[in-house]
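Here is how the chains run, residue by residue.
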Amino acid sequence: MRLKRLYSGLLALGLSCSVLFQTPVLAAEETAADTAQAATSAITTNSIPGWPQGPEITSTAAVIMEDSTQTMLYSKNMDQELYPGATVKVMTVLVALENSQLTDEVTMTETGVSGVTDGGANISAQLGEVFTMEQCLYAIMLSSANDIALQVAEHVGGSVENFVQMMNDRAAQLGCTNTVFTKSTGLPDENQHTTAHDMALIMKAAIDNESFLTISNTVSYTIPATNVSGGERVLTNNFPLMSSSNAAYYQYCLGGREGYTEASGSTLVCVAEKDDVTLIAVVLQGASGVTTTEAVSLFNYGFDNFQMLSLGDNDFNMVSGGNVYVPVGATADSLTTEDGEEQENGQYSRQYFFGGTPVGTATMAATHEDNSSFSTESNQNIEAAREYSADRNNLPYILFGGAGLILFLLLLWRIIKVAKS
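All values derive from a computational prediction rather than experimental measurement.

Turning our attention to the packing of helix 3 (residues 88-98) against helix 6 (residues 146-157). Running from N to C, helix 3 and helix 6 cross one another at 35 degrees; their axes reach a closest spacing of 10 Å. Of the two possible hands of crossing, helix 3 and helix 6 adopt the one that is left-handed. Contacts between helix 3 and helix 6 involve K89, T92 and A96 from the first element and N146, A149, V152 and V156 from the second. For the contact of helix 3 with helix 6, a count of residues per class yields four nonpolar, two polar and one charged.

Burial of strand 8 (residues 265-274) is extensive: eight of the ten residues sit out of reach of the surface. Strand direction decides the pairing type here: strand 7 (residues 253-261) and strand 8, joined by eight bridges, are antiparallel. Considered in strand 8, the bridge of C253 is made with A272. Here strand 7 folds back onto strand 8, and the loop between the two strands holds three residues. Of the strand pairs in this sheet, strand 8 and strand 9 (residues 277-286) are connected by eight bridges, and their pairing is antiparallel. Bridged to V269 within strand 9 is V282. A loop of two residues connects strand 8 with strand 9, the two strands running antiparallel in sequence, and D275 in this loop sits at a positive phi of about 55 degrees.

A separate point is a nonpolar patch on the surface. On the surface, a cluster of nonpolar side chains totalling about 320 Å² of accessible area is made up of I406, L407 and L410. Among the secondary structure elements, L410 is positioned in helix 12 (residues 395-420).

Phi at S124 takes a positive value of approximately 55 degrees, unusual for a residue other than glycine. Checked against the element boundaries, S124 lands in the loop between helix 4 (110-113) and strand 4 (130-132).

Within the structure shown, the criterion is met by ten aromatic pairs. Taken together, a centroid distance of 5.9 Å and an interplanar angle of 55 degrees make the contact between W51 and F354 tilted. With a gap of 303 residues between them, W51 in the loop between helix 2 (27-42) and strand 1 (61-66) and F354 in strand 14 (residues 347-354) connect regions that are remote in the sequence. Given a relative accessible area of 4%, W51 falls into the buried group. Judged by its relative accessible area of 9%, F354 is buried.

Conventions used here
- Each residue is numbered by its place in its chain's sequence as written, counting from 1.
- With the structure being a predicted model, the display of local features is reserved for residues of pLDDT at least 70 and the display and counting of side-chain atom pairs for 80 or more, all residues being used for whole-chain, interface and lining totals.
- Values shown for side chains rest on all heavy atoms present in the structure; no hydrogens or waters enter the calculation.
- Here an axis means a line fitted to C-alpha atoms, over the contact stretch when the element is a helix, while the angle between two N-to-C directions is reported on a 0 to 180 degree scale.
- Note on conventions: DSSP H or I runs of at least 4 residues are helices, E runs of at least 2 residues are strands, and numbering of each starts at the N terminus.
- Here is the rule for handedness: rotate from the far helix to the near one, and if that takes an anticlockwise turn smaller than a right angle the crossing is left-handed, while a clockwise turn gives right-handed.
- Note on definitions: a residue-residue contact is assigned when non-hydrogen atoms from the two residues lie within 4.5 Å.
- Lys, Arg, Asp and Glu make up the charged group, whereas Ala, Val, Leu, Ile, Met, Phe, Trp, Tyr, Cys and Pro make up the nonpolar group; the residues left over, Gly among them, are polar.
- Any residue under 20% of the maximum accessible area for its type is buried, any over 50% is exposed, and the rest in between are partly exposed; the area is computed with a 1.4 Å probe on protein chains only.
- DSSP bridges decide pairing: two strands pair if at least two such bridges lie between them.
- The residues that make up patches have over 30% relative accessible area and no salt bridge, and they are joined within 9 Å when like-charged or within 5 Å when they are Val, Leu, Ile, Met, Phe, Trp or Tyr.
- Areas reported as accessible are Shrake-Rupley estimates using a 1.4 Å probe. Residue values count occlusion only from the protein chains shown.
- Salt bridges are defined as contacts in which a side-chain nitrogen from Lys or Arg sits within 4 Å of a carboxyl oxygen from Asp or Glu.
- Pairing of aromatic rings covers Phe, Tyr and Trp, the last through its six-membered ring, and needs centres within 6.5 Å; plane angles under 30 degrees mean stacked, over 60 mean edge-to-face, and all others mean tilted.

In structure tokens:
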């Protein structure tokens, strides 16, 4: 009994000490740990089995997408709605290219001239000044000119509002699910938002347009004297990754657009090509001067850690596609597939996955087995007979026939001889 009481007392003493002398966890320490964990978990591609771990960046959202396969190599908060800033102008130029001719004449009205004094970038266009559509689109992409972006919207859409609706309609067609445009310039508006994923889809459609890629990849462009201006305008591409004098210069960059407002922070969308592989980078809501270096680190991650594989070399049922962009060292054996339904043309789509992540597609030709086993067996027998005959000649049969005939004649002669005797 005494031993039992002693044991109970010691247990109670131990519990009391644990309560009195426990080490507190500071709220600040908890917050820092939670923040670090949240930042890591936000990069969803890092959780793919066998996937190269992507770099940590400070910007709120970012993606790296391979162009031909639309493989998402890097994804951080890619579906979070954020303000787009001047990256909107990629869609502005795309819609204009798809709904006008480069030779169209665009006359500046009060709508466009208002962009000279709105606090944003402009080329000081004047009322009544006439530009070609080509000159306008270079001004938008190289100089981020708000006055020209407004005038192009009015010229193409009949009004800025109608043009903006065209932008939203085109975004929906491209598969954008969290994008709303309210301005062709990208200037702040609380109702205007996009996502890193949606902007990557928009940039893909843009670079599929040859004229857009030509404009975006131009370092310098000159607008000659117009009906109003007294001299030419020399436009220099101010996108940091395209400028050899900028610390963020990236030799593989084919162009892009960045912007900054207090609401959006620094935003950026751009494209780069290396060894016949084209990558699209989007970085949203970052610090000024940081998004460009983060974009470069993401491009290097995408080019250095992945490879293009062609799966169609030995598959005679593949009609088109069949390329996958996968981690370096991966083979076809590490992929899984999912086939779509057969279409009226006798083809179906095949999706390839690595670690559950889409990495490419192909169009396949459907093949149907013959239900008549008799027909199949007959064909096989005929072919076997042909092969058997091909491997032999008629000489053995001639020899056997000749020997038989001689024996027959000898037997006949013997019978006749016996009969005479």
